[in-house]
Amino acid sequence: MNALGIIGSMDLEMEIIKEDMKISRIERYGGFKFYLGKAYGINIILTSCGIGKVNAASCTQILITKFLVTSIINTGIALSLKNQINTCDIVISDNITYHDVKIIQMKNYFPFKQSFKGDKYLKELILLAYNNLTPKLFKLHYGKIVTGENLPMNELSKASILNNYNPHCIETEGAAIGHVSYINNIPFIIIRCISDNNEGNPSMEYEKFEAIASNNSANLILSLLKVMGNNNYTSEIPMDSISP
């Protein structure tokens, strides 16, 4: 069975997506829970990896090895590092890398990649899905995302990351998902809803943010599934569409 792997983050977001799925069964593997089902004609494996790079990498490899997913979408939250990217906006990955692994290490050791490219075909589908949303309650941005175990806690650390990587936002799982997808030759894309607008403090209470962010992320994913269904998407992306 060809299937699209979706690695969600927020509980509310997962519940919204599950409401539109016809779930055939639930499996537990490696400590993770996987919902197997279908929405808009698309076979889906929906899961949540928790926090951190090791969890993300483990969950991704299980999706690929055990459930044989043919593409992966990861959603979650991130800290904006650009003033024009505001709370509850969404960033999709052009490419993604680690900010806490030395660039020379990534370049000189397996898999010899300084960053991992988000799949351009999935990007095109997401842009179409966003254009289909009415009304549009958030802005969509496309650019670099960086991943690390710790988020920057002060302006000096933010400035260092901006100087070295010039990313749109920073989070804690995406590069591990991109890394594992890349070495398995699986197309992927990372989607992040912004939780902090780079002014040093969250601009709204977390409970309010979680509700808005979950709706924004889930509605974008559901719109994407509709686009895939309307275009007879089979969860099988041509290999020549995988970005190098």
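Since the model is a prediction, treat every value here as computed from it, not as a measurement. Throughout, a residue's number is its position along its own chain's written sequence, starting from 1. Per-residue local features are limited, in this predicted model, to residues with pLDDT of at least 70; the limit for side-chain atom pairs, both in listing and counting, is 80 or more; totals at the level of whole chains, interfaces and linings are taken over all residues. For the side-chain quantities, the full set of heavy atoms in the structure was used; hydrogens and water were omitted.

Asker: Would you explain the overall build of the chain in this entry?
Answerer: Helical segments are the DSSP runs of H or I of at least four residues, strand segments are the runs of E of at least two, and each set is numbered from the N terminus. Each helix and strand counted, the chain has 7 helices and 10 strands in total. Radius of gyration (C-alpha) of the chain: 17 Å, near the 18 Å computed for a compact globule of 244 residues. Relative accessibility decides the category of a residue: with a 1.4 Å probe and only protein chains considered, values under 20% of the type maximum give buried, values over 50% give exposed, and everything between is partly exposed. Evaluated residue by residue, the chain yields a buried proportion of 55% over its 244 residues. Expressed as a percentage of contacts within the chain between residues at least 6 apart in sequence, the contacts between residues at least 24 apart total 77%. Based on C-alpha atoms, the radius of gyration is set beside the globule rule, defined as 2.2 Å times the residue count to the power 0.38. Contacts are assigned to residue pairs that have any heavy atoms within 4.5 Å of one another.

Asker: What should I look at first to understand the environment of N86 in this one?
Answerer: Within the secondary structure, N86 is located in the loop between β5 (71-80) and β6 (90-98). Expressed as a C-alpha distance, the spacing of N86 and E15, which sit 71 residues apart in the sequence, is 25 Å.

Asker: Help me out: how do you make sense of helix α5 (residues 155-165) in this one?
Answerer: All buried positions along α5 are accounted for by K158, I161 and Y165. With its buried residues spanning 65 degrees around the axis, α5 presents them on a single face. α5 presents L156 and N163 as exposed residues on the side facing more than 90 degrees away from its buried surface. The N-cap residue of α5 is N154: its side-chain oxygen and the backbone nitrogen of L156 are 3.1 Å apart. This arc is taken over the directions from the axis of the helix to the C-beta atoms. Here a polar contact means two N or O atoms within 3.5 Å. Within protein one must be a hydrogen donor candidate and the other an acceptor candidate, and residues neighboring in sequence count only if both atoms are side-chain atoms.

Asker: Can you walk me through the packing of aromatic side chains in this structure?
Answerer: What characterises a pair of aromatic rings is the spacing of the ring centres plus the angle enclosed by the ring planes. Centres within 6.5 Å are what make two rings of Phe, Tyr or Trp a pair, Trp counting through its six-membered ring; a difference in plane orientation under 30 degrees is then read as stacked, over 60 as edge-to-face, and the rest as tilted. Across all of its chains, the model carries 5 aromatic pairs by this definition. Here the aromatic rings of F110 and F112 are separated by 6.4 Å at their centres, their planes lie at 90 degrees, and the arrangement is edge-to-face. An angle of 50 degrees between the planes, with centres 5.5 Å apart, marks the rings of Y130 and F138 as tilted. With respect to class, Y130 is no different from F138; both count as buried. In this structure an aromatic cluster arises from ring pairing among F32, F34 and F67. The ring of F67 carries K66 above its face, with NZ or CZ at 5.7 Å from the centroid. Cation placement over rings: the criterion is NZ of Lys or CZ of Arg within 6 Å of the ring centroid and within 35° of the ring normal. Above the ring of Y142, the side-chain terminus of K123 is found at 3.9 Å from the ring centroid.

Asker: What is the right way to read the side chain of S214 from this model?
Answerer: Its place among the elements puts S214 in helix α7 (residues 206-230). Once residues lying within four places of it in the same chain are set aside, the contact partners of S214 are M10, L12, E13 and I16.

Asker: I would appreciate a short explanation of the pattern of salt bridges in the present structure.
Answerer: A side chain with one charge may pair with a side chain of the opposite charge, provided their charged atoms come close. Basic side-chain nitrogens of Lys or Arg form a salt bridge, by our definition, when they fall within 4 Å of a carboxyl oxygen of Asp or Glu. Under the counting rule described, the total for this entry stands at 7 salt bridges. Measuring nitrogen to oxygen at the nearest pair gives 2.7 Å for the salt bridge that ties E27 to R25. Note on R25: relative accessible area 44%, which makes it partly exposed. The shortest N-O distance in the salt bridge between K117 and D94 comes to 3.1 Å. With K117 in strand β7 (residues 116-117) and D94 in strand β6, this pair connects stretches of sequence that are 23 residues apart. Bridged by salt links that share partners, the residues R25, E27 and K66 form one connected network.

Asker: In this structure, what is going on with the packing of helix α4 (residues 120-131) against α7? I would like to understand it.
Answerer: Each pair of packed helices can be summarised by the angle the axes make with each other and by the distance between the axes. At a minimum axis separation of 8 Å, α4 and α7 run at an interaxial angle of 110 degrees. As judged from the angle between their axes, α4 and α7 are roughly perpendicular. Between α4, through L122, L125, I126, L128, A129 and Y130, and α7, the contact on the second element is made entirely by L220, S223, L224, V227 and M228. Across the contact of α4 with α7, the residue classes break down as 10 nonpolar, 1 polar and no charged. Simply put, an axis is a line fit to the C-alpha atoms, just over the touching stretch for a helix, and the angle between two N-to-C directions goes from 0 to 180 degrees. Orientation categories follow fixed angle ranges, with anything under 35 degrees roughly parallel, anything over 145 roughly antiparallel, 65 to 115 roughly perpendicular, and all other angles oblique. Classes in brief: Ala, Val, Leu, Ile, Met, Phe, Trp, Tyr, Cys and Pro nonpolar; Asp, Glu, Lys and Arg charged; the others, Gly included, polar.

Asker: Mind showing me how you'd approach the layout of surface pockets here?
Answerer: Rolled over the atoms, a probe sized like a water molecule indicates the empty space that remains. Both cavities and pockets are sets of points on a 1 Å grid over the protein atoms alone; in a cavity a 1.4 Å probe fits but cannot get out, in a pocket the set is open with protein on both sides within 12 Å along at least five of seven lines, and lining residues sit with an atom within 4 Å of a point. Grid points are joined across faces, edges and corners, and a volume is the space filled by probe spheres set on the points. Approximately 520 Å³ is the volume found for the largest pocket. I77, A78, L151, T172 and S195 are, among the 29 residues lining the largest pocket, the residues nearest its centre. Sorting the residues of the lining of the largest pocket by element identifies β5, α5, β9 (169-171), β10 (188-196) and α7 as the ones contributing at least two each. Counted by class, the lining of the largest pocket contains 11 nonpolar, 11 polar and 7 charged residues.

Asker: What am I meant to see in the environment of I126 here?
Answerer: Position of I126 relative to the elements: it lies in helix α4. Spatially, the C-alpha atom of I126 lies 9.6 Å from that of I189, the residues being 63 residues apart in sequence. Excluding residues within four positions of it along the chain, I126 makes contact with I92, L140, I189, I191, L220 and L224.

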